[in-house]
Amino acid sequence: MDPEEVEFIGEKEYVVIVPTFNYKAIQLISGDIGPFRAGLPIKIPLWIAINLKQQQICKIEQPDWMDIEYLENLKETEKNAPTFTKMPNEHYMAVTKALLKNAPDDLIRANEVRTLVKDIWDIRMSKLRSSVDLLIKNMSSYAAVDNLTMMEINSMRPLLPHALDQIHRMKKYQGPTTGSISTSAQQSRSSYSFRS
């Protein structure tokens, strides 16, 4: 899955808008959206919110997790934690990118939001690269990916299948190991976990 596909999935996340129009409920395959009443907040999928914003007939409310203080705390937690912390939104990058591109005027301190989310992404990607490097050096067969988002997992997807295939081939041709270490001990030593 490439980043555009992940962003497409991320646009199904719900956001709150304040419409400037009245309209009956819109019937979609996924369910009804609306009715819309001018001035009354309503929760709708991000892709519809962007469409309405482009028509200049709504204001998109900033998600709670985009609060500057919250993002600064999340950045510090991520920086200091040895494992991946749980993100406030599975598609935080896609949602941030879409809102910054289409509704920057609706965000409070949009440039700071952009910087903090990018910093969090960079910290997580650095941690992910280190974890993958350790996974490959230890010749591990699997890894738990707790608290990673779909975008983060897919950013490593091009590398991992090939690397794990090579590890499997090397283990296959090593033959039986001699020594006092039991098979279960070898297996536990060779499995690295991203788990928190």
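Here is a short report on the structure shown in this document. Each residue is numbered by its place in its chain's sequence as written, counting from 1. Residue-level local features of this predicted model are given only where pLDDT is at least 70; pairs of side-chain atoms are given and counted only at 80 or more, and the full residue set underlies all totals for whole chains, interfaces and linings. Note: side-chain values were computed over all heavy atoms of the structure, leaving out hydrogens and water.

### Some points on the overall build of the chain
Right, on to step 1. The secondary structure listing takes helices from DSSP runs of H or I that are at least 4 residues long and strands from runs of E that are at least 2 residues long, numbered from the N terminus. In terms of helices and strands, the chain carries eight helices and five strands.
Right, on to step 2. Starting at the N terminus and ending at the C terminus, the chain contains elements arranged as α-β-β-β-β-α-β-α-α-α-α-α-α.
Right, on to step 3. For the chain, long-range pairs separated by at least 24 residues make up 72% of all intrachain contacts whose partners lie at least 6 apart in sequence.
Right, on to step 4. Throughout, the Shrake-Rupley method with a 1.4 Å probe supplies accessible areas, and for residues the shown protein chains are the sole cover considered. Just so you have it, the chain exposes about 11,900 Å², and 53% of that area is on carbon and sulfur atoms. The criterion used for residue contact is that any of the two residues' heavy atoms lie within 4.5 Å.

### Remarks on the pairing of strand β1 (residues 14-19)
Moving residue by residue along a regular strand, the side chains alternate between the two faces of the sheet.
Right, on to step 1. Relative to strand β4 (residues 42-45), β1 runs antiparallel, the two sharing four bridges. Among the inter-strand pairings, Ile17 is bridged to a residue of β4, identified as Ile42.
Right, on to step 2. Sheet topology places β1 next to strand β5 (residues 58-60); three bridges connect them, and they run antiparallel. Its bridge partner lying in β5, Pro19 is registered against Cys58. The rule for pairing is simple: two strands pair if DSSP sees at least two bridges between them.

### Describing the side chain of Glu78
Right, on to step 1. Note on placement: Glu78 falls in helix α3 (residues 68-80).
Right, on to step 2. With near-sequence residues (within four places) excluded, Glu78 lies in contact with Thr83, Phe84, Thr85, Met87, Ile123, Arg124 and Lys127.

### Observations regarding the packing of aromatic side chains
Right, on to step 1. Geometry of aromatic contacts follows a simple scheme: Phe, Tyr and Trp rings, the Trp one being its six-membered ring, pair when their centres are within 6.5 Å, and the pair is stacked under 30 degrees between planes, edge-to-face over 60, tilted otherwise. Per the stated rule, a full pass over the model turns up one aromatic pair.
Right, on to step 2. We call a charge positioned above a ring when the Lys NZ or Arg CZ atom is no farther than 6 Å from the ring centre and deviates by at most 35 degrees from the ring normal. Cation over ring: Lys127 sits above Phe84, and NZ or CZ is 5.7 Å from the ring centre.

### Comments concerning the environment of Ile48
Right, on to step 1. Relative to the assigned elements, Ile48 resides in helix α2 (residues 46-54).
Right, on to step 2. Note: C-alpha distance between Ile48 and Tyr14 (34 residues apart in sequence) is 9.4 Å.
Right, on to step 3. For Ile48, the contacting residues outside a window of four places in its chain are Leu28 and Ile33.

### Structural notes on the sheet that holds β1
Right, on to step 1. With antiparallel pairing, the three strands of this open sheet are ordered in space as β4-β1-β5. Only two strands of the sheet have a single neighbouring strand rather than two, namely β4 and β5. Adjacent strand axes in the sheet meet at a mean angle of 45° when their direction is disregarded.
Right, on to step 2. Only C-alpha atoms enter the line fits that serve as axes; for helices the fit covers just the stretch in contact. Angles between N-to-C directions range over 0 to 180 degrees. Where α2 meets the sheet, its contacts fall on β1, β4 and β5, and the angle it forms with β4 comes to roughly 105°.

### Examining the pattern of salt bridges
Right, on to step 1. Between Lys or Arg on one side and Asp or Glu on the other, a salt bridge is scored when a side-chain nitrogen of the former is within 4 Å of a carboxyl oxygen of the latter. Taken as a whole and assessed by the stated rule, the structure comprises 10 salt bridges.
Right, on to step 2. For the salt bridge of Asp105 with Lys53, the shortest nitrogen-to-oxygen distance reads 3.2 Å. Of the two residues, Asp105 is situated in the loop between α4 (92-102) and α5 (110-137) and Lys53 in helix α2; the sequence distance between them amounts to 52 residues.
Right, on to step 3. The buried label applies to any residue whose accessible area, calculated with a 1.4 Å probe on protein chains only, is under 20% of its type's maximum; exposed applies above 50%, and partly exposed to all values in between. The buried category is assigned to Lys53, whose relative accessible area is 12%.
Right, on to step 4. Residues Asp106 and Lys53 are paired through a salt bridge, measuring 3.0 Å at the closest nitrogen-oxygen approach. One end of the pair, Asp106, is in the loop between α4 and α5; the other, Lys53, is in helix α2, with 53 residues separating them in the sequence. Each member of the pair Asp106 and Lys53 is classed as buried.
Right, on to step 5. When salt bridges with common partners are traced through the structure, they connect Glu78, Arg124, Lys127 and Glu152 into a single cluster.

### A short note on the nonpolar core
Right, on to step 1. Here the nonpolar core consists of buried residues drawn from Ala, Val, Leu, Ile, Met, Phe, Trp, Tyr and Cys, with membership extended through side-chain atoms lying within 4.5 Å. Formed by 41 residues in total, the largest nonpolar core has its most connected members in Ile17, Phe36, Ile44, Leu52 and Ile60.
Right, on to step 2. Mapped onto this core, the elements with two or more residues apiece are β1, β4, α2, β5, α3, α4, α5 and α6 (150-156).
Right, on to step 3. With nine residues, the single largest contributor to this core is α5.
Right, on to step 4. Apart from the residues within four sequence positions on either side, Ile60 is in contact with Val15, Val16, Ile17, Ala49, Ile50, Lys53, Leu99, Ala103 and Asp106.

### Examining the packing of α2 against α4
Right, on to step 1. Look at α2 against α4: their axes get within 11 Å of each other, and the N-to-C directions meet at 5°. For the element pair α2 / α4, the angle class is roughly parallel. Together, Leu46, Ile50, Lys53 and Gln54 of α2 and Val95, Ala98, Leu99 and Asn102 of α4 make up the contact between the two elements.
Right, on to step 2. We call Asp, Glu, Lys and Arg charged. Ala, Val, Leu, Ile, Met, Phe, Trp, Tyr, Cys and Pro are nonpolar, and the rest, Gly among them, are polar. Counted by class, the contact of α2 with α4 contains five nonpolar, two polar and one charged residues. Angles are sorted into four bins: roughly parallel if under 35 degrees, roughly antiparallel if over 145, roughly perpendicular if 65 to 115, and oblique for all others.

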